Amino acid sequence: MPIVEKETILSAFGPQYHEVAVGRIAMLKGPLKLECGMEVSDFPVAFQTYGTLNAEKSNAILACHGLTGDQYALGTHPVTGKPGWWELLIGPGKVIDTDRYFVIATNVIGGCMGSFGPKSINPATGKSYGLDFPVVTIADMVHAQALLLDQLGIKQLFCVLGGSMGGMIALSWAALYPDRVFCAIPIATSAKHSAQNIAFHEIGRQSIMVDPDWCDGKYFEQKKFPVKGLSVARMAAHITYLSEHALHRKFGRSLQDRERISYGFEADFQVESYLRYQGAAFVERFDANSYFYITRAMDYFDLTQNGGLTQCFLGSKARFLIIAFSSDWLFPTSESRVIVRALNAAAVNVSFAEITTDKGHDAFLLDEPEFFLTVKGFLRGAAEKRGIA
């Protein structure tokens with residue numbers, strides 16, 4: 001099936017309906033058997049590539065995005081106009097040097113930037129799937145990515161890496177396709193989603209559901225969009241990505257554009273204004289139903305079931321670097337240590353680094369020099385073993 005360059009699709013973000021160029025789209029023939037029991041064929045996966053694939057096809061790196069990311073790891077995002085989410089890490093001469101490596105970033109299935117998701121048209125109805133879209137899991141996302149690599153002719157990844165949900169995807173790649181991964185870097189993640197994190201996701205989903213413009217997920221048909229609900233969901237989630245120290249350092253109790261409190265309920269404090277901005281900006285680039293599906297995929301993630309975590313990696317020849325951040329309370333260091341112990345028990349080559357920072361969970365997306373040096377050093381050693389010049 002073909003890979004389409006610069007395909008234009010009808011998209012919807014916030015109250016606006018407009019067309020956006022989503023870059024490259026691969027139409028994957030499949031079939032793909034989903035964990036929910038459904039089977040899908042002939043479905044799109046949107047992706048971007050950076051750098052050049054070498055003749056041996058041995059320098060491919062799969063960069064996996066988090067909950068609200070997409071295929072635009074670097075370059076200008078076509079909707080927001082902002083730099084890609086890993087612009088600090090990927091690029092010519094950077095930690096993941098695109099003069100040396102061929103980087104692939106996909107929009108996961110269930111997403112809203114061109115990949116098969118709840119915005120896609122259901123051929124049975126001629127309308128968007130909405131909540132009729134099948135529930136997908138992290139494993140389903142990985143299997144779809146594997147089909148894309150098959151189409152690109154890449155038999156083995158040099159590295160798969162990602163933070164948060166991207167770390168779950170990286171772990172799943174190593175567990176599900178051990179012969180197709182030379183090395184893996186799961187960052188700020190865990191082997192299963194915690195009760196606390198499931199609870200935060202449920203708050204977000206309920207915020208969307210109580211918005212009258214959600215229309216039971218059929219807002220496209222009603223020409224509406226749950227702007228307020230999705231905005232509140234983003235605000236609540238965004239707090240979890242930061243640390244108390246980071247919030248205090250950035251905002252403290254500073255007032256927003258005023259000298260004294262108003263004795264009302266406008267945004268008196270800078271932190272209130274910041275969260276409102278984050279919520280408003282988010283609805284311009286993300287789909288509410290995709291938020292449902294992707295948060296649910298994370299909730300269902302649990303590599304510790306069906307024989308235990310160690311069993312997942314027995315016999316694996318991949319090299320691992322597990323990275324945690326000291327101030328990350330969403331995916332604390334203790335959860336990374338569980339992964340490290342399981343890999344050690346499976347006699348797998350694993351390194352571990354806890355980066356000391358006050359930037360919280362989002363540190364993997366920010367300017368964090370120790371993090372950059374750690375990844376760069378690991379990739380250099382792995383590239384030598386791989387024989388990548």
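Residues numbered from 1 in each chain as written. Predicted model: local features only at pLDDT ≥ 70, side-chain atom pairs only at ≥ 80, totals over all residues. Heavy atoms only, no water.

A. Representation of the packing of aromatic side chains. If you walk through the whole model with that rule in mind, you get 21 aromatic pairs. With a centroid separation of 5.9 Å and 45° between ring planes, the pair formed by Phe 43 and Phe 116 is classed as tilted. Separated by 73 residues along the polypeptide, Phe 43 in strand E7 (residues 43–50) and Phe 116 in the loop between strand E11 (102–106) and strand E12 (121–122) bring together distant segments of the chain. Accessibility classification places Phe 43 together with Phe 116 in one group, the buried group. Ring geometry for Phe 325 versus Phe 371: centroids 5.5 Å apart, planes at 70°, classification edge-to-face. A residue pair is termed long-range when its members are at least 10 positions apart, and Phe 325 in strand E16 (residues 319–325) and Phe 371 in helix H10 (residues 369–386) qualify at 46 residues. Using a relative accessible area of 0% as the deciding quantity, one classes Phe 325 as buried. (Phe/Tyr/Trp six-rings, centres within 6.5 Å; stacked < 30°, edge-to-face > 60°. Helix = DSSP H or I, 4+ residues; strand = E, 2+ residues; numbered from the N terminus. Buried < 20%, exposed > 50% of the residue type's maximum accessible area, 1.4 Å probe, protein only.)

B. Broad picture of the side chain of Gln 71. With respect to the helices and strands, Gln 71 occurs in the loop between strand E8 (60–64) and strand E9 (90–91). The class for Gln 71 is buried, based on a relative accessible area of 0%.

C. Local environment of the nonpolar core. If you look at the biggest cluster of nonpolar residues, it comprises 78 residues, and the most contacted ones within it are Ile 109, Trp 173, Phe 313 and Phe 320. Beyond its immediate chain neighbours, meaning those up to four positions away, Phe 313 contacts Leu 171, Ala 174, Ala 175, Leu 303, Phe 320, Leu 343, Ala 346 and Val 348. Within the second largest apolar cluster, 37 residues are counted, among which are Ala 63, Val 103, Leu 321 and Phe 378. (Core = buried A, V, L, I, M, F, W, Y, C linked by side-chain atoms within 4.5 Å. Contact = heavy atoms within 4.5 Å.)

D. Spatial organisation of the pattern of salt bridges. Evaluated as defined, the whole model comprises 8 salt bridges. One salt bridge connects Glu 202 with Arg 205, and the closest N-O pair in it is separated by 3.2 Å. Taken together, the residues Glu 202 and Arg 205, both in helix H3 (residues 195–209) and 3 residues apart, mark about one turn of the helix. With a relative accessible area of 32%, Glu 202 lands in the partly exposed category. A salt bridge links Asp 358 to Arg 249; the shortest N-O distance between them is 2.9 Å. One end of the pair, Asp 358, is in the loop between strand E17 (349–355) and H10; the other, Arg 249, is in helix H5 (residues 244–250), with 109 residues separating them in the sequence. A residue is classified by how much of its surface remains accessible, and Asp 358, at 29% relative accessible area, is partly exposed. (Salt bridge = Lys/Arg side-chain N within 4 Å of Asp/Glu carboxyl O.)

E. Expanded view of the packing of helix H4 (residues 227–241) against helix H6 (residues 270–282). Across the interface, H4 lies against H6 with an axial gap of 8 Å and an inter-helix angle of 125°. In terms of orientation, H4 lies oblique with respect to H6. When the axes of H4 and H6 are compared, the crossing they make is right-handed. For the pair H4 and H6, the contacting residues are Leu 230, Ser 231, Arg 234, Met 235, His 238 and Ile 239 in the first and Tyr 274, Leu 275, Arg 276, Gln 278, Gly 279, Ala 280 and Phe 282 in the second. Grouping the constituent residues of the contact of H4 with H6 by class yields 7 nonpolar, 4 polar and 2 charged. (Axes fitted to C-alpha atoms, helices over the stretch in contact; angles between N-to-C directions. Parallel < 35°, antiparallel > 145°, perpendicular 65-115°, else oblique. Left-handed = near helix turned anticlockwise from the far one by under 90°. Nonpolar A, V, L, I, M, F, W, Y, C, P; charged D, E, K, R; others polar.)

F. Up close: helix H2 (residues 165–176). Relative to the 16 Å expected for 12 residues at 1.5 Å per residue, H2 spans 16 Å between its end C-alpha atoms, a close match to the ideal helical length. Burial analysis of H2 places 11 of its 12 residues in the buried class, the great majority of the element. Within the sequence span of H2, burial applies to Met 165, Gly 166, Gly 167, Met 168, Ile 169, Ala 170, Leu 171, Ser 172, Trp 173, Ala 174 and Ala 175. (Expected span 1.5 Å × (residues − 1).)

These figures come from the coordinates and say nothing about function on their own.
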